[in-house]
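Examination of the molecular architecture
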Amino acid sequence: MAAGMFIDSHCHLNYKGLVEQQEAVLARARAAGVSAMLNISTRASEWDEVIGLAEREPDVWASVGVHPHEADIHPDVETSTLVERARHPRVVGIGESGLDFYYDRSDRDRQRASFRAHIAAARETGLPIIVHTREAEEDTHGILAEEMGKGAYKGVIHCFTASADFARKALDLGLYISMSGIVTFKNAKGLQGTAKDIPEDRLLIETDSPFLAPVPHRGKPCEPAFVADTARFLSQLREEPVERLSAATSANFRRLFSKAAPTA
């Protein structure tokens, strides 16, 4: 596999399962042709560690944000806090943030307020918001659309598992859609159908490591190297060469996360 073919647009390199062998994980990713990784934060206590890794590794970038599961315990994380931390040169995205009504680990109104604060930070900084949504399509779209009406911002629906209708609505708002290893699962026929129809210039790929390892790695901790397996599956699904898909998704990442300059 040629070097520098893939970009993992969403991983958690500081999470248990990866952090204990971080150097080896990064080495395997590079050997698999991964040229860049976006290390995502989910709570304020992670920000220094996530940014610190990006400072040390030129092919790793960082985000700052609060996951909807954490919204209740982060009432003080407001737009101004996110904007301030996003000034760091290695921070290229806001999030992940959004709505999760499946687990409901935080109050729904608190989730909504946090989500809006993150979107406002994305608008103010010009950095894309990384959106998590689960069992909350109507509310997620409503907030995204209402906030877009207040002023344009960039974003991506990460680890997409929602309906084809939600995909169309997100695309209509100008957002990108990122596919994780879930698309390789045998029971993901509906998602596979959606993945075929995503315009080439709006598609990203990710691992969401250490979760959701794609086929043929099911049951193992996921890691950025496995984004190559998801890319190969998608290329077959979409009936296009993997080289074309990897080039398109990498170009899309650089366009969306424009603060992430290409690495040598």
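Definitions and cut-offs
- Residues numbered from 1 in each chain as written.
- Predicted model: local features only at pLDDT ≥ 70, side-chain atom pairs only at ≥ 80, totals over all residues.
- Heavy atoms only, no water.
- Buried < 20%, exposed > 50% of the residue type's maximum accessible area, 1.4 Å probe, protein only.
- Helix = DSSP H or I, 4+ residues; strand = E, 2+ residues; numbered from the N terminus.
- Contact = heavy atoms within 4.5 Å.
- 1 Å grid on protein atoms, 1.4 Å probe; cavity = no way out; pocket = protein on both sides within 12 Å on 5 of 7 lines; lining within 4 Å.
- Points joined across faces, edges and corners; volume = space filled by probe spheres on them.
- Nonpolar A, V, L, I, M, F, W, Y, C, P; charged D, E, K, R; others polar.

Turning our eyes to something else, we now look at helix 8 (residues 227-237). In terms of burial, helix 8 is largely enclosed, as eight of its eleven residues are buried. Within helix 8, the full set of buried residues consists of Val227, Ala228, Asp229, Thr230, Ala231, Leu234, Ser235 and Leu237. The inward-facing, buried residues of helix 8 abut strand 1 (6-11), strand 2 (34-39), strand 7 (176-179), helix 7 (189-197), strand 8 (203-205) and helix 9 (242-256). Looking one or two places after helix 8, you find glutamate 239, whose phi comes out positive at around 55°.

On to unusual backbone geometry, then. Cis geometry marks the peptide bond from glycine 95 to glutamate 96, where omega comes out at 20°. Position of glutamate 96 among the secondary structure elements: in strand 4 (residues 91-100). Positive phi outside glycine occurs at glutamate 135, with the angle close to 55°. Within the element layout of this structure, glutamate 135 appears in the loop between strand 5 (129-134) and helix 5 (137-150). At aspartate 208, a residue that is not glycine, the phi angle is positive and equals roughly 55°. With respect to the helices, strands and loops of the structure, aspartate 208 is situated in the loop between strand 8 and helix 8. By relative accessible area, which is 9% here, aspartate 208 ends up buried.

Here we take up the layout of surface pockets. To find the voids left in a structure, one rolls a probe of water-molecule size over its atoms. Looking at the largest pocket, its volume works out to about 550 Å³. Lining of the largest pocket is provided by 21 residues; of these, His67, His69, His132, Asp208 and Phe211 occupy positions nearest its centre. Sorting the residues of the lining of the largest pocket by element identifies strand 4 and strand 5 as the ones contributing at least two each. Looking at the lining of the largest pocket, the element that brings in the most residues is strand 5, giving three residues. Residues belonging to the lining of the largest pocket are distributed by class as follows: six nonpolar, eight polar and seven charged. Of the volumes computed, that of the second largest pocket is approximately 170 Å³. Around the second largest pocket, the lining residues are Tyr102, Thr133, Arg134, Glu135, Ala136, Glu137, Thr161 and Ala162. Taken together, the residues of the lining of the second largest pocket break down into three nonpolar, two polar and three charged.

That is the geometry; function is a separate question.
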